[in-house]
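# Fold and geometry: a report
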Amino acid sequence: MKLDETKSLDLQPQKQESEPPSLHNSSSHRSISSNSLRANSIKEVGFVDLRSKEVRYGSRGGSTSMSMSQREISDEDSRLVYINDPLKTNEKVEFSGNSIRTSKYSVLTFLPRNLFEQFHRVAYVYFLVIAILNQLPQLAVFGRFASILPLTMVLLVTAIKDAYEDWRRHRSDWIENNRLSSVLVNGNYEQKKSKDIQVGEIIKFSANETIPCDIVLLSTSDPTGVAYIQTINLDGESNLKTRYAKQETVSRIHENEKINGVIKCEKPNRNIYGFLAYMEIDQKRVSLGPSNIVLRGCVLKNTSWAVGVVVYTGMETKVMLNNSGAQSKRSLLEARMNREIIFLSLFLVGLCTVVSICAGVWLRRHRDELDIMPFYRRKDYSGEDVDNFKYYGWGMEIFFTFLMSVIVFQIMIPIALYISMELVRVGQAYFMIRDDNMYDETTDSRFQCRALNMNEDLGQIKYVFSDKTGTLTENKMEFQYASIAGVDYVDGLVLRPLMKVQVDRELVRLSRSGNDADTKTGKQIYDFFLALAACNTIVPIVVDTSDPVEKLIDYQGESPDEQALVYAAAAYGFMLIERTSGHIFDSERKRMSVILGFPNNTVKVFVKGADTTMFNVIDEALNLDIVTATKAHLHSYSSVGLRTLVMGMRELSSQEFGQWRSSYEAATSALMGRASLLRKVAINLEKNLSILGASGIEDKLQQGVPEAIESLRTANIKVWVLTGDKQETAISIGYSSKLLTGKMTKIVINNNSKESCRKSLEDALITSSAPRTGTSRDDANLFALIIDGTSLLFELASKCAVVLCCRVAPLQKAGIVMLIKKRTKDLTLAIGDGANDVSMIQKADVGIGISGQEGRQAVMASDFAMAQFRFLVPLLLVHGHWNYQRMGYMILYNFYRNAVFVLVYALFTAFTLSSAINEWSSVLYSIIYTSVPTIVVGILDKDLGRASLLKYPQLYGAGQRQESYNSKLFWVTIADTLWQSIVAFFVPLLAYWKSDIDGPSIGDLWTLAVVFLVNLHLAMDVTTWTWIIHASIWGSIVATIICGNLPSCG
């Protein structure tokens, strides 16, 4: 190979048998010449990934102690699928059809089920009881229709919303069930509706088509049986993954031979990452794993066609078994509001008790006059027989008076409040979505409001739990440093194909001469970049351009780290241009290995991984000086926030390679304990390695992260960073993001044993409890806790302004969030971008997903979604403050306006329950006269401007201290209603005291007075006036006057 010729790798690993690692979304292009495609190739004879096992969510299999591949399939837990014979497959047990249903209701079940769900709100049950009581002749106070109108309207509005949402689901189901697919029937492929597909049938699908059911691959357009699929509909990730067909079936499809066989697989389950089965074909048993199954909803990409046999259909497919809704969350303000409603209910019961007792006393005092007393007259003398007028005795009259008073004073509980809150939240969400300050131009993405019941919680957050990679950082890796054979290569020329790569000129020269020169350094550099180019899961896709001699390579990577390493290798002349089928699997160790065969008949194993696991398999005695220098370089890389990997290698003798190959083939064909056997094979391979070097990859901070964290800290929000990175890297990012400052007292705990950890925590508690000088907000008096995933103490952490948790697993992240939720009453917010953040996001009171490089799983599990961490500042400090202040005021105002009207009622009726206020006025008061201004003000009013809230983050503390809604404000509001209701009652009464005005007319005056009063009260509280607020407030008063003059209302 010439010195200036680009080296290329034609990687041909064996087929994948087991579970693929989690993939991250990244892709970029690099221009290559057609000459490089004809360069010398290196044959890859094995490919092994030994990275740490990821915790899977929504998977039943993930919780079992034994891997699915480590147990035999019993007859009770399995199903038999006869290939291309659906009749025989469904002969004994008829499997589920391929029709799916994601809708909640049918025509018959909509009304009862929807009503059942709505009446989970206790207030609705209360108003239903009131409406039923009013239908009884003995208790009828209002017209029967008027009594049921408010509840009917609330139920109807909610039912229409639910029906529309379910109609959309029905429409989506119909489209999906009637999608056409090519099914093999009598030797020919025919179009068939998706809902008619059966287990056992063979289907064929082309590029960019969506797979309609779960299938086992039989063949693809690629001669090796590889297929590239996109799982964006399954897990939200847009990068490509590889699936493989068995060679026993690939050749038959290509030669148009008929396939007869049987597949024994596990019964349908929710584990989308596992699949245990075997196939019997030509009297040969072939094992099947997760790499051989393609799930419903996946899309075929970069593969012309693929053929598979159906194993799971319809609601039994893995994706449909996992089709469950997000965790139900309720805002803290609404939970506290229920407490106040209980207080109002008790007040109402007390009021009704007083009324009924007074009525009983009056009846006892006038018991001798009841027969002839005007307006009461117990006796009916109109006929020959003297009867009682609806009189049931003294005791029952008191009981009926109590029930009637409950009906009269029913609006003490504001039923319109629930509808008002929903409408206000919709309006608030609209303005959050349309806020240009939370719009990301680079991704053309706006803020997403995925849960409408959490808006006000954004203004009360005390703890923010954040992921690091992809959340605080860009998750776009750049290769910066390389330590090769103990030499640190740093400075160099910047090349820009499409991705910036720093290149050291001397290293370029050595890498190009390394394979031909006899120098030890040159060979080590050559092997180092060979490891970068070959030891990965990158899928290189060659794209044609307008220039026939120019090509583009689209690198579809499993992680941004791998993409950066492959680009670095390409920049130094080692370009990955092709990969065929390969075998990948996970283990408990963070390493990846690849075996390469060279033209000179030598075989080498290359290994890369985390330093914590690599130095366990490197023979330090071989290169002690290099190992020592590399460790020093790793420490310096981590100190500046770089992500590090270590590379090693050893040459295999023919005997070692033969032993490995036979052991590997035996392990891959095993039906029991396959994963443990493969792990054992890899462990035997990875030993006595000689170190090649280490790499340092930079994951830059997102724009505005330091300023955002500083603003959050100023707002008295505690920011905790939970990351899987090593301690040095996390600390470096902490400084660069202004999470940590030089003045802070840093408490570092990274013990492994219980005793040492306990001792460190006790010492740290003493340190944190020591008296400090200066103000509490001074950085010199703040503590920062840096702790690893094996130890955490709440008492210590709660005293620290900053907490950095390193080396934490996904479940540990969720556990830390739950720790704070259980030990404090403060609201928590979790923000992340990857699948490993889903559990944390779901457990927090408010979950926010970042749409970044690692797919959309975090977004799909979140309550809100946005593109950049810095948008957290306007979301919390501006919209969160506004939402909390508006909603808190609106709830108190609804209690106030209803209580005023009820007390005016009570002052007039006393214990007679005679009402001067028209029943329609009572109904329209809450629905029309006073509700519209409340909703408009709840959406548009601003107590403080955006600029002030951003300039003074301390103003956010109003929500943390619950200044806009608390028990004190509630009782002050109720007390305020007492004197206002007295004024609203007596002013019209005294004005017409000696006139001949009748009861209904004075009732209309009272209604108008209350409407004037509560709307003027609202107007005095408005801070930011707009024409819409003017129209709603004054328009409501005008509407009351007009409606009061109508015959049906007045």
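Residues numbered from 1 in each chain as written. Predicted model: local features only at pLDDT ≥ 70, side-chain atom pairs only at ≥ 80, totals over all residues. Heavy atoms only, no water.

## Here's the deal with the UniProt feature "transmembrane region" (unreviewed entry) in the chain
Here the UniProt-annotated "transmembrane region" (unreviewed entry) positions come out as residues 119–136, 142–160, 341–363, 398–419, 895–917, 923–940, 969–993 and 1005–1028. End C-alpha atoms of residues 341–363 are separated by 32 Å, and the span's content is 100% helix alongside 0% strand. Span residues 1005–1028 is 79% helix and 0% strand, its end C-alpha atoms 27 Å apart. (UniProt positions renumbered as here; feature names shortened; annotations may be inferred. Helix = DSSP H or I, 4+ residues; strand = E, 2+ residues; numbered from the N terminus.)

## Regarding the packing of helix α10 (residues 416–433) against helix α27 (residues 931–940)
Running from N to C, α10 and α27 cross one another at 30 degrees; their axes reach a closest spacing of 9 Å. Judged on the interaxial angle alone, α27 and α10 are roughly parallel. In this structure, the crossing between α10 and α27 has a hand that is right-handed. On α27, the residues that touch S420, L423, V424, G427, Q428 and F431 of α10 are I935, G938, I939 and L940. (Axes fitted to C-alpha atoms, helices over the stretch in contact; angles between N-to-C directions. Parallel < 35°, antiparallel > 145°, perpendicular 65-115°, else oblique. Left-handed = near helix turned anticlockwise from the far one by under 90°. Contact = heavy atoms within 4.5 Å.)

## Description of the pattern of salt bridges
Tallied over the full model, the rule gives 20 salt bridges. The residue R285 makes a salt bridge to E280 at a minimum N-O spacing of 3.2 Å. The exposure class of R285 is partly exposed, given its relative accessible area of 43%. The salt bridge partner of K821 is D845, with a shortest N-O separation of 3.7 Å. Of the two residues, K821 sits in helix α22 (residues 810–823) while D845 sits in the loop between α23 (838–843) and β37 (846–850), which places them 24 residues apart along the sequence. The structure contains a network of salt bridges with shared partners spanning E176, R179 and R296. (Salt bridge = Lys/Arg side-chain N within 4 Å of Asp/Glu carboxyl O. Buried < 20%, exposed > 50% of the residue type's maximum accessible area, 1.4 Å probe, protein only.)

## Structural notes on the nonpolar core
For soluble globular proteins, the rule of thumb is that nonpolar side chains tend to be buried together. By size, the foremost hydrophobic cluster in this structure holds 68 residues, and its most contacted members are M337, F409, I891, F895, Y965 and V1010. In terms of residues, this core owes the most to one element, helix α25 (residues 872–909), which gives 13 residues. Each of domain 2 (99–180) and domain 3 (326–437 + 878–1049) accounts for three or more of the residues forming this core. For I891, the contacting residues outside a window of four places in its chain are L333, M337, L417, M421 and Y965. Core analysis: the next-biggest nonpolar cluster, separate from the first, contains 55 residues, A531, L634, V646 and L685 among them. (Core = buried A, V, L, I, M, F, W, Y, C linked by side-chain atoms within 4.5 Å. Domains from an automatic or database assignment.)

## A word on the sheet that holds strand β11 (residues 262–266)
Spatially, β4-β11-β12-β13 is the arrangement adopted by the 4 strands of the open sheet, whose pairing is antiparallel. A strand with exactly one partner marks an edge of an open sheet, and here the two such strands are β4 (78–82) and β13 (284–288). Across the sheet, the mean angle separating the axes of adjacent strands is 20 degrees when strand polarity is ignored. As judged from the 5 bridges shared by β4 and β11, these two strands associate in the antiparallel manner. Counted as the bridge partner of Y82 is V262 from β11. (Pairing = 2+ DSSP bridges.)

## Quick look at the sheet that holds strand β8 (residues 214–220)
One open sheet accounts for 6 strands, arranged β6-β5-β7-β16-β8-β14; its pairing is antiparallel. For this open sheet the edge positions go to β6 (188–193) and β14 (293–294), each flanked by a neighbour on one side alone.

## Structural notes on empty space enclosed by the protein
Taken as a whole and assessed by the stated rule, the structure comprises 4 cavities of 30 Å³ or more. Approximately 40 Å³ is the volume attributed to the second largest cavity. If you go around the second largest cavity, the residues you meet are F343, L344, F347, F970, W971 and I974. Among the secondary structure elements, those contributing two or more residues to the lining of the second largest cavity are α8 (332–365) and α30 (967–991). Taken together, the residues that form the lining of the second largest cavity break down as 6 nonpolar, no polar and no charged. (1 Å grid on protein atoms, 1.4 Å probe; cavity = no way out; pocket = protein on both sides within 12 Å on 5 of 7 lines; lining within 4 Å. Points joined across faces, edges and corners; volume = space filled by probe spheres on them. Nonpolar A, V, L, I, M, F, W, Y, C, P; charged D, E, K, R; others polar.)

## Here's the deal with the pairing of strand β9 (residues 226–230)
Summarising burial for β9: 5 of the 5 residues are buried, a large majority. The alternating pattern of β9 places V226, Y228 and Q230 on one face and A227 and I229 on the opposite face, and all of these are buried. With 5 bridges connecting them, β9 and strand β10 (residues 240–244) associate as antiparallel partners. Considered in β10, the bridge of Q230 is made with L240. Bridge analysis of β9 against strand β15 (residues 299–301) gives 3 bridges, and the strand direction is antiparallel. By the bridge assignment for β15, Q230 is matched with V299.

## Observations concerning the packing of α8 against α10
Here α8 crosses α10 at 160 degrees, and the two axes come no closer than 13 Å. As summarised for this structure, α8 and α10 are arranged roughly antiparallel, according to the angle between their axes. Every pair of crossing elements has a handedness; the one defined by α8 and α10 is right-handed. Together, E334, M337, N338 and I341 of α8 and L417, Y418, M421 and R425 of α10 make up the contact between the two elements. Residue classes in the contact of α8 with α10 are distributed as 5 nonpolar, 1 polar and 2 charged.

## Structural notes on the environment of S445
Residue position: S445 is located in the loop between α10 and β19 (448–449). Overall, the relative accessible area of 17% leaves S445 in the buried class. Distance from S445 to Q868, taken between C-alpha atoms, is 10.0 Å for residues 423 residues apart in sequence. Ignoring any residue separated from it by four or fewer positions in sequence, one finds S445 in contact with M438, Y439, D440, S851 and A867.

## Section: helix α15 (residues 624–639)
The terminal C-alpha atoms of α15 lie 23 Å apart, and with 16 residues this matches the ideal 22 Å at 1.5 Å per residue to within 8%. Those residues of α15 not exposed but buried are I626, V627, T630, H633, L634, Y637 and S638. Down the axis of α15, the sector holding all buried residues measures 135 degrees, keeping them to one side. (Expected span 1.5 Å × (residues − 1). Arc of directions from axis to C-beta.)

## Focus: unusual backbone geometry
For N302, which is not glycine, the phi torsion reads 55 degrees and is therefore positive. Checked against the element boundaries, N302 lands in the loop between β15 and β16 (305–312). What makes N302 partly exposed here is its relative accessible area of 48%. Phi is positive for Q962, close to 55 degrees, though the residue is something other than glycine. You can see Q962 is positioned in the loop between α29 (957–960) and α30. Take Q962: its relative accessible area is 23%, and that puts it in the partly exposed class.

## What about a nonpolar patch on the surface?
A grouping of F1012, L1016, W1025, W1034 and I1041 is seen on the molecular surface, where their side chains present a nonpolar patch of about 430 Å² in accessible area. The residue I1041 is located in helix α32 (residues 1027–1044) in this model. Overall, the relative accessible area of 38% leaves I1041 in the partly exposed class. (Patch = residues over 30% accessible without salt bridge, like charges linked within 9 Å, V, L, I, M, F, W, Y side chains within 5 Å. Areas by Shrake-Rupley, 256 points an atom, 1.4 Å probe, with all protein chains shown as cover.)

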